[in-house]
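A look at the structure
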Amino acid sequence: MSQAIPPGQRAAEEPSAGNWKTWVLRSGSDSRLPEPPRPNSPQGLRELAALKQAQLERTQSQIEAARFWDTGPATSRWTEMQLDMIKTHRPNPPRASRGLALLHIAVFDAVVAAWHAKYTYNFPAPSTVDPTLTPALPPRNNPSYPSEHAVVAGAAAQVLKHLFPRQGADWFEAKAREAAASRVWAGVNWPSAVEQGLALGRAVADRVLAQAAAAGANAPWVGKRPTG
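This section reports on the structure supplied with the text. (Residues numbered from 1 in each chain as written. Predicted model: local features only at pLDDT ≥ 70, side-chain atom pairs only at ≥ 80, totals over all residues. Heavy atoms only, no water.)

Some remarks on the packing of helix α6 (residues 148-163) against helix α8 (residues 191-213)
One can describe the packing of α6 onto α8 by two numbers: an axis separation of 6 Å at closest approach and a directional angle of 40°. Put simply, α6 runs oblique to α8. Relative to α8, the crossing made by α6 is right-handed. Where α6 abuts α8, its residues A150, V151, A153, G154, A155, Q158, V159 and H162 lie against V194, G197, L198, L200, G201, R202, A205, D206 and L209. The residue inventory of the contact of α6 with α8, partitioned by class, reads 10 nonpolar, 5 polar and 2 charged. (Axes fitted to C-alpha atoms, helices over the stretch in contact; angles between N-to-C directions. Helix = DSSP H or I, 4+ residues; strand = E, 2+ residues; numbered from the N terminus. Parallel < 35°, antiparallel > 145°, perpendicular 65-115°, else oblique. Left-handed = near helix turned anticlockwise from the far one by under 90°. Contact = heavy atoms within 4.5 Å. Nonpolar A, V, L, I, M, F, W, Y, C, P; charged D, E, K, R; others polar.)

Re helix α1 (residues 42-57)
Taking 1.5 Å per residue, 16 residues should reach 22 Å; α1 reaches 23 Å between its end C-alpha atoms and fits that length. Among the residues of α1, those classed as buried are G44, E47, L48, L51 and A54. Across the axial projection of α1, the buried residues extend over an arc of 120°, all falling on one side. Within α1, the exposed residues directed more than 90 degrees away from the buried face are P42, R46 and L56. Residues of α1 that are buried sit in contact with α5 (126-129), α7 (169-185) and α8. (Expected span 1.5 Å × (residues − 1). Buried < 20%, exposed > 50% of the residue type's maximum accessible area, 1.4 Å probe, protein only. Arc of directions from axis to C-beta.)

Details of unusual backbone geometry
In this structure, P146 follows Y145 across a cis peptide bond, with omega equal to -5°. Even without glycine at this site, R90 takes up a positive phi of about 55°. Mapped onto the elements of the fold, R90 is located in the loop between α3 (76-89) and α4 (93-121). Using a relative accessible area of 69% as the deciding quantity, one classes R90 as exposed. The backbone of N122 sits at a positive phi, close to 50°, despite the residue not being glycine. Its location among the elements puts N122 in the loop between α4 and α5.

See below:
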């Protein structure tokens, strides 16, 4: 088992959210993440060294990026981005509304899955393991694995790439990478929590998009209302 958070520091932020009803996933446990590496394992020690190096090399622009992505819930910047994309690319109102629904269904299910993993593994934040780490952001009051910011970034970018192909997939991917990496720059999440978070978000978004593709919403109008 992974090292648990000490009882006096145990997180209490929505501990039951991993059991919330999902839209596309069967449940929060439907997308199971591997157990995180123990802090005293070879990989854990490498990640701790990487975090210490990131702290030494932390730039003001990285701190500003971390603060930008940390503003409000992890979803807020992605919602703002989608609204900007709607203004720029001007899809018709039904498509815009459907796009907003797809993004937020993907993000919701991905976050529920993330919370299930968080409280399954109950993994400590890096600064809890090594007090010499000084995070650039206030720590979140929940377990550290996976990073919810990385989960949201993976899910949101995957949906936005699908909805706004003219913007370019690389543009959204760069935003997702920045949002995720900012958690390492800030010293608040382990590198593995970020990488696994991105992968989880993308996998959930792919399932949402696959279901959306089969929903018939892209069928051309033939002049007759469907029945049933």
